[in-house]
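Spelled out from the first residue to the last, the chains are:
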Amino acid sequence: MDERISELHRLIEESERIVFFGGAGVSTESGIPDFRSVDGLYNQKYKYPPETILSRSFFEAMPEEFFRFYRDKLVVTGAKPNAAHKYLAHLEERGKLAAVITQNIDGLHEAAGSKKVLELHGTLLENYCVRCKRRYGPNVVMECEGVPRCQCGGVIRPDIVLYEEGLSGRVLRESVDHIARADLMIIGGTSLAVYPAAGLINYFRGRNLVLINKSPTAVDSEAQLVIPGKIGEVCAKLWAMEQD
Ligand code: NAD
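Residues numbered from 1 in each chain as written. Predicted model: local features only at pLDDT ≥ 70, side-chain atom pairs only at ≥ 80, totals over all residues. Heavy atoms only, no water.

(A) Looking closely at the sheet that holds strand β8 (residues 208-212). Spatial ordering of the open sheet is given by β3-β2-β1-β7-β8-β9, a layout of six strands whose pairing is parallel. Each edge of the sheet is formed by a strand with only one pairing partner; in this case those strands are β3 (117-119) and β9 (225-227). Averaged over neighbouring strand pairs, the angle between their axes works out to 15° when direction is ignored. Direction of pairing for β8 relative to β9: parallel, over a ladder of three bridges. Across the sheet, the residue bridging to I212 is I227, located in β9. Set on the sheet, helix α7 (residues 169-181) makes contact with β1 (18-22), β2 (97-102), β3 and β7 (184-188); between it and β3 the angle comes to about 130°. (Pairing = 2+ DSSP bridges. Helix = DSSP H or I, 4+ residues; strand = E, 2+ residues; numbered from the N terminus. Axes fitted to C-alpha atoms, helices over the stretch in contact; angles between N-to-C directions. Contact = heavy atoms within 4.5 Å.)

(B) Representation of the nonpolar core within the structure. Core analysis: the largest hydrophobic core is formed by 24 residues, its most contacted members being L8, I12, F20 and I186. Apart from the residues within four sequence positions on either side, F20 is in contact with V26, L88, L97, A99, V100, I101, I186, I187, G188 and I231. (Core = buried A, V, L, I, M, F, W, Y, C linked by side-chain atoms within 4.5 Å. Buried < 20%, exposed > 50% of the residue type's maximum accessible area, 1.4 Å probe, protein only.)

(C) Here's a closer look at the layout of surface pockets. In this structure, the largest pocket spans a volume of roughly 1000 Å³. Along the walls of the largest pocket sit 45 residues, with G23, A24, D34, F35 and N104 positioned nearest its centre. (1 Å grid on protein atoms, 1.4 Å probe; cavity = no way out; pocket = protein on both sides within 12 Å on 5 of 7 lines; lining within 4 Å. Points joined across faces, edges and corners; volume = space filled by probe spheres on them.)

Following this line, the structure appears as structure tokens:
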């Protein structure tokens, strides 16, 4: 394992346009459960699977259930960036990393100091009224009970992309552009099972593709290097190697 991390350190040092593509596994070491790990949200007892609750039709039909799940499981109060978020922000500051492309909605990359973050599935830190489009800050849902309502009477919803909804065209275009121009792409903490996000990695034309994931993925065989470990621990070691 350490040899593989040393190899990734070498690849990072020789690269000039790195792109990171990540998912829920990046935030598990911050205490936020992912979907598909054994302790992830798919393996917890719920009346409906997370994919159903987080769909547009469910949100419209059963907003009370949606916001119950939201308060209970989606928001982890006090979650802080871990070594992975911080190391990626550091690589950007060094001028090595061009963008973080994330499926996460927790805002932890920005909290760690990353500037170029493309949030494919939106963010829980912003909310808006479905009727009058008035924008609300991050705490509006947690500060009330039941279904949050705007002054106009409309339902306030988080600015995330629900299942059955399309991704932002601007975020998709920028993501494709960054991936197509990258010389090293690091994929981490994602099962690569959610489309169209996972399909974006097919735009990579660079030399080196690296995967850091606790469990195998469908693209392991296409990667130059696979590191089967916890991404926060791997990043902490990479950072230490830089300082040696
Ligand atoms: P996923 O749950 O499908 O897969 C997570 C992957 O990360 C798994 O393969 C798991 O083995 C791996 N993993 C878990 N912890 C890890 C760690 N510490 N280091 C390395 N690998 C680790 O997640 P996904 O692929 O992102 O797709 C799920 C969807 O759910 C996404 O669309 C995302 O928006 C959403 N989601 C987001 C959050 C969040 O914002 N933090 C949390 C849960 C789900």
